[in-house]
Amino acid sequence: MDIEGKHFPDEEDEHSSKAGKRLGKIVFRVLAICSAIAYIICFARIFSSCDSSLLEKITFSKNAIDLYYDAPDKFVTYKINTKDFMEYYGTITLSNVVYAETAGELEIGVKYNTKITDVDKNNVSGEFEEYPLVYRLYDRNGNEYNVCNRINTEKGRYKFERVCFSGLKIDFSENDLNTNEYYASGEDVFFDTEESESGEKYTLEIYNPVTKETKKFVIYDNHTTYRLVEFNP
């Protein structure tokens with residue numbers, strides 16, 4: 001700086017350089033914060049969209065568990081590879097359908113988007129808030145089977161349930177696919193076959209009191225594959 005208070009050219013460059021560095025640090029920090037927020041949002045969405053472990057967990061009723069502990073080696077459980085496992089828009093999906101032959105129970109995993117049951121919680125009961133959907137299982141002859149166990153959990157935008165029905169007696173000997181090589185493989189296979197017009201057939205209806213809609217899923221008929229699985233309470 002000279003006697004008149006004016007900066008020399010090199011001093012002005014130095015001040016400009018320092019200001020530029022400060023601005024650069026500010027921009028870098030802002031970008032870093034924005035990137036961190038974006039990553040957090042991304043991971044939160046990924047986590048919330050992951051299925052709950054409850055969906056694949058086999059629970060059955062207390063009666064079935066008691067039968068298992070009475071004779072574990074004689075407790076027979078099948079996994080049913082239902083072909084009709086997703087509602088048209090994907091808001092309801094079924095998973096890990098299992099049948100305890102020893103106990104006569106059929107358990108179904110259900111995942112649904114909670115937006116289909118959105119309602120003013122001040123106008124509904126606590127029971128509705130926890131279990132908004134109504135399940136009904138019946139066979140080809142119109143016989144209905146009662147819900148004997150039902151548990152759920154919520155994760156992000158989705159609700160996950162295990163719904164168990166009692167009193168069933170599925171006769172796999174009538175299954176039209178019993179001679180297929182699939183049964184020796186022990187793996188899940190889904191056949192794109194037409195619905196069986198005769199023999200056993202079990203249909204699940206899911207009623208939504210909010211939308212007044214009923215969705216139907218054919219859980220098992222004689223064109224449905226199945227396989228033995230282990231059950232460990």
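Residues numbered from 1 in each chain as written. Predicted model: local features only at pLDDT ≥ 70, side-chain atom pairs only at ≥ 80, totals over all residues. Heavy atoms only, no water.

A.B. asks: Could you clarify how one ought to interpret the overall build of the chain in this entry?
C.D. replies: When helices and strands are tallied, the chain shows four helices and ten strands. Across the chain, helices and strands are ordered from the amino to the carboxyl terminus as α-α-β-β-β-α-β-β-β-β-α-β-β-β. Taking all 233 residues of the chain together, the buried fraction comes to 36%. Partitioning the contacts of the chain with sequence separation of at least 6, the portion at a separation of at least 24 is 66%. For the chain, the computed accessible surface area is about 14500 Å², with 52% contributed by carbon and sulfur atoms. (Helix = DSSP H or I, 4+ residues; strand = E, 2+ residues; numbered from the N terminus. Buried < 20%, exposed > 50% of the residue type's maximum accessible area, 1.4 Å probe, protein only. Contact = heavy atoms within 4.5 Å. Areas by Shrake-Rupley, 256 points an atom, 1.4 Å probe, with all protein chains shown as cover.)

A.B. asks: Help me out: how do you make sense of the sheet that holds strand β7 (residues 158–166) in this one?
C.D. replies: Backbone-to-backbone hydrogen bonds join strands into a sheet, with any given pair of strands oriented parallel or antiparallel. Here we have six strands laid out as an open sheet, ordered β6-β7-β3-β2-β1-β10, and antiparallel in their pairing. Sheet topology places β6 (147–155) and β10 (225–229) at the edges, where each strand pairs with a single neighbour. Direction aside, the axes of adjacent strands within the sheet are offset by 20 degrees on average. (Pairing = 2+ DSSP bridges. Axes fitted to C-alpha atoms, helices over the stretch in contact; angles between N-to-C directions.)

A.B. asks: Would you mind showing me how to read the environment of K169 here?
C.D. replies: Note that K169 resides in the loop between β7 and α4 (182–185). Taking relative accessible area as the criterion, K169 reaches 72% and is therefore assigned exposed. Separated by 68 residues in the primary sequence, K169 and E101 have C-alpha atoms spaced 7.0 Å apart. Excluding residues within four positions of it along the chain, K169 makes contact with Y99, E200 and Y202.

A.B. asks: How do you make sense of the sheet that holds strand β8 (residues 201–208) when you look at a structure like this?
C.D. replies: The four strands lie next to each other as β5-β4-β8-β9, forming an open sheet whose pairing is antiparallel. Every other strand in the sheet has two partners, leaving β5 (144–145) and β9 (213–221) as the edge strands with one partner each.

A.B. asks: Help me understand unusual backbone geometry in this model?
C.D. replies: Negative phi values dominate among residues other than glycine, just as trans dominates among peptide bonds. Phi angles above zero are rare outside glycine, and N96 is one such case at about 50 degrees. Structurally, the position occupied by N96 is in strand β2 (residues 92–100). Of note, K212 is a non-glycine position whose phi angle comes to about 65 degrees, a positive value. Along the chain, the position of K212 falls in the loop between β8 and β9. Take K212: its relative accessible area is 59%, and that puts it in the exposed class.

A.B. asks: For this particular structure, what's the right way to read the pairing of strand β4 (residues 134–139)?
C.D. replies: Strand residues, when the strand is regular, have side chains that alternate between the two faces of the sheet. The sheet contact formed by β4 and β8 spans six bridges and is antiparallel. Bridge pairing in β8 places R136 opposite E205. Of the pairings in the sheet, the one linking β4 to β5 comprises two bridges and is antiparallel in character. The partner of Y138 across the bridge, within β5, is E144. Where β4 hands over to β5, the hairpin turn is made up of four residues, of which G142 adopts a positive phi near 90 degrees.

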